[in-house]
Amino acid sequence: MTGAKGGRAQHLPLAVRKELVLDAALRVSARDGDAVSMDAVAAEAGVAKTVLYRCWNNRDTMLQALDERESRRFTEQLATALDAARAEPDPATALRDVLIAYYTAVRDAPESYRLLYGTQVRADRARAVQGSRARAAERLTPVLRDWLGASAPHAERRAATLAALAVGAAESGARLLLDTDADWTPEELADSVSTLFADGVPGFQG
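Every chain begins its residue count from 1, and numbering advances along the sequence as written. In keeping with the predicted nature of the model, local features appear solely for residues at pLDDT of at least 70, side-chain atom pairs appear and are counted solely at 80 or more, and the whole-chain, interface and lining totals rest on all residues. The side-chain numbers reported here are obtained from all heavy atoms of the structure, hydrogens and water having been left aside.

A. Here's a closer look at the pattern of salt bridges. Should a side-chain nitrogen of Lys or Arg be within 4 Å of a carboxyl oxygen of Asp or Glu, the pair is scored as a salt bridge. In the structure shown here, the tally under the stated rule is 13 salt bridges. With its nearest N and O atoms 3.5 Å apart, the salt bridge here joins Glu70 to Arg73. Of this pair, Glu70 and Arg73 both sit in helix 4 (residues 59–85), 3 residues apart, which is roughly one turn of the helix. For Glu70, a relative accessible area of 1% translates into the label buried. In this structure, the salt-bridge partner of Asp108 is Arg107, at a minimum N-O distance of 3.1 Å. Working definition: with a 1.4 Å probe on protein chains only, accessible area under 20% of the residue-type maximum means buried, over 50% means exposed, and in between means partly exposed. What makes Asp108 exposed here is its relative accessible area of 55%. One network of salt bridges, with partners in common, ties together Glu19, Asp23, Arg69, Glu70 and Arg73. Working definition: helices are DSSP H or I runs of at least four residues, strands are E runs of at least two. Numbering for both runs from the N terminus.

This is the structure in structure tokens:
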């Protein structure tokens, strides 16, 4: 983002510059945790701090925009996988396909996942993550309701409960995926979680 002469920032559309600044903020967040400063982000982006203030009023608005962008990316990827899963006639295969897509997204963007789902997150970020969890569970509920069958007792309530449990299991698997000592692939983790549900869900059908 710096020019060849005098260290001046290249002239870029504001929308493009904002994305580049958020990319830099993500890298700094991955390195420094919540101890993110405008100075550090400016240095990472290779621009003067005044450039950052043209994009964002302050550190908090910049970090909020970063949280929202990364959460939106994961939500959109998961939504695409869930929509595709509805066309799969076998619910266990549908769940596996969703999990592979989710774990692949985590593997390909580990900094984003750690930002949103790390062990220590700000209260405002935690609220955003909770909203993402709720939306994921809501979209997964119809898949599990189809799995249970309309005749299953309390099918809707059980499907919603199982969806919430599936989201929690998926997040636990993602943390294993990011553990450098655990040599997992997205497919292996998806197999494990989907097998757990394939063996367990039928028990709720009676």
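This is not the end of the story, as more comes after the structure.
B. Quick peek at the packing of aromatic side chains. Classification of ring pairs rests on two measures: the distance between centres of Phe, Tyr or Trp rings, Trp counted by its six-membered ring, which must be within 6.5 Å, and the angle between planes, read as stacked under 30 degrees, edge-to-face over 60 and tilted in between. Inspection of the entire model under this criterion finds 2 aromatic pairs. For the pair Tyr102 and Tyr103, a centre-to-centre distance of 5.5 Å together with 50° between the ring planes defines the contact as tilted. Classification of Tyr102 by relative accessible area gives buried; the value is 12%. We classify Tyr103 as buried; its relative accessible area is 0%. For the ring pair Tyr102 and Tyr113, a centre distance of 6.3 Å and an interplane angle of 75° mean the geometry is edge-to-face. One end of the pair, Tyr102, is in helix 5 (residues 91–108); the other, Tyr113, is in helix 6 (residues 110–117), with 11 residues separating them in the sequence. Accessibility assignment for this pair places Tyr102 and Tyr113 in one class, buried. By way of ring pairs, the aromatic residues Tyr102, Tyr103 and Tyr113 are connected into one cluster.

All quantities given are derived from atomic positions and should not be read as evidence of function.
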